[in-house]
Amino acid sequence: MAFRYGGDEFVLILYKATIREANIVLTRIQNKIDEFNAKVQKPYKIQISYGFAEYSPTSNLNSEDLIKIADENMYKVKKEKKKSRPSY
């Protein structure tokens, strides 16, 4: 299931998927975006940022908690990407 969460944010719910399986889906999505960017000559590139959260029936987390965790993880990934970019 996928839905727009707000602005340019979307949520994908991968039912019964592990984080490892979610990473496989992410790789497929990123590959499609890379193919699109290679085909389309625009002055910008489409990019995504992502964060994962995994539901466990034994936890007390609700959907808002999971989205908050995923959002926090997304910002960690963004920070790491920014650190790894060459500075000019």
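Here, every reference points to the structure presented above.
For clarity, every value in this text was computed on a predicted model and none was experimentally measured.

Moving on: helix α1 (residues 19-39). The first and last C-alpha atoms of α1 sit 30 Å apart over 21 residues, in line with the 30 Å expected at 1.5 Å per residue. Looking only at α1, the buried set comprises Ala22, Leu26, Ile33 and Asn37. Buried residues in α1, looked at end-on, bunch into an arc of 55°, giving them a common side. In α1, the exposed residues that point more than 90 degrees away from the buried face are Arg20, Arg28, Lys32, Ala38 and Lys39.

What follows deals with a positive patch on the surface. Residues Lys78, Lys81, Lys82 and Arg85 make up a contiguous surface patch of positive charge. By secondary structure assignment, the location of Lys78 is in helix α2 (residues 63-84).

For the rest of this paragraph, the subject is unusual backbone geometry. For Lys16, which is not a glycine, the phi torsion comes out positive at approximately 60°. For Lys16, the location among the structural elements is in the loop between β2 (9-12) and α1. Judged by relative accessible area, Lys16 falls into the exposed class, the value being 71%.

Residues Met1, Phe3, Tyr5 and Ile13 make up a contiguous nonpolar surface patch of roughly 430 Å² in combined accessible area. When you line up the elements, Tyr5 lands in strand β1 (residues 2-6).

Turning our attention to the pairing of β1. As paired strands, β1 and β2 are joined by four bridges and run antiparallel to one another. Bridge pairing in β2 links Ala2 to Leu12. The antiparallel pairing of β1 with β2 creates a hairpin that spans two residues between the two strands, and Gly7 there sits at a positive phi of about 55°.

The next subject is the pattern of salt bridges. Applying the stated criterion across every chain yields a total of two salt bridges. When the shortest N-O distance is used, the salt bridge between Lys32 and Glu35 registers 3.9 Å. Taken as a pair, Lys32 and Glu35 lie in helix α1 at a separation of three residues, close to a single helical turn. Taking the relative accessible area as the measure of exposure, Lys32 reaches 57% and is therefore exposed. As a salt-bridge pair, Glu80 and Lys83 come within 3.4 Å of each other at their nearest N and O atoms. Of the two residues, Glu80 and Lys83 are both situated in helix α2; the distance of three residues between them amounts to about one turn of the helix.

Criteria and thresholds
- Once a new chain begins, its residue numbering starts again from 1 and follows that chain's sequence as written.
- Confidence filtering applies because this is a predicted model: local features only for residues at pLDDT of at least 70, side-chain atom pairs given and counted only at 80 or more, and all residues used for totals across whole chains, interfaces and linings.
- Only hydrogens and water are removed before side-chain values are computed, so all heavy atoms of the structure are retained for them.
- Under the DSSP-based scheme used, a helix requires at least four consecutive residues in state H or I and a strand at least two consecutive residues in state E, with every element numbered from the N terminus.
- Every helix has an expected span of 1.5 Å times one less than the residues it contains.
- Buried residues are those whose accessible area, probed at 1.4 Å on protein chains only, stays under 20% of the maximum for their type, while exposed residues exceed 50% and partly exposed ones sit between those limits.
- By arc we mean the arc of the directions from the helix axis to the C-beta atoms, nothing more.
- For patch detection, residues must exceed 30% relative accessible area and be free of salt bridges, and they are connected within 9 Å for like charges or within 5 Å for nonpolar side chains (Val, Leu, Ile, Met, Phe, Trp, Tyr).
- Computed with the Shrake-Rupley method and a 1.4 Å probe, the accessible areas treat only the protein chains shown as cover for residues.
- Throughout this description, the term salt bridge denotes a Lys or Arg side-chain nitrogen within 4 Å of a carboxyl oxygen of Asp or Glu.
- Within this scheme the basic residues Lys and Arg register as positive and the acidic residues Asp and Glu register as negative, but His and the chain ends are omitted.
- By convention, the point assigned to a charge is CZ for Arg, NZ for Lys, CD for Glu and CG for Asp.
- Note on pairing: DSSP must find at least two bridges between two strands before they are called paired.

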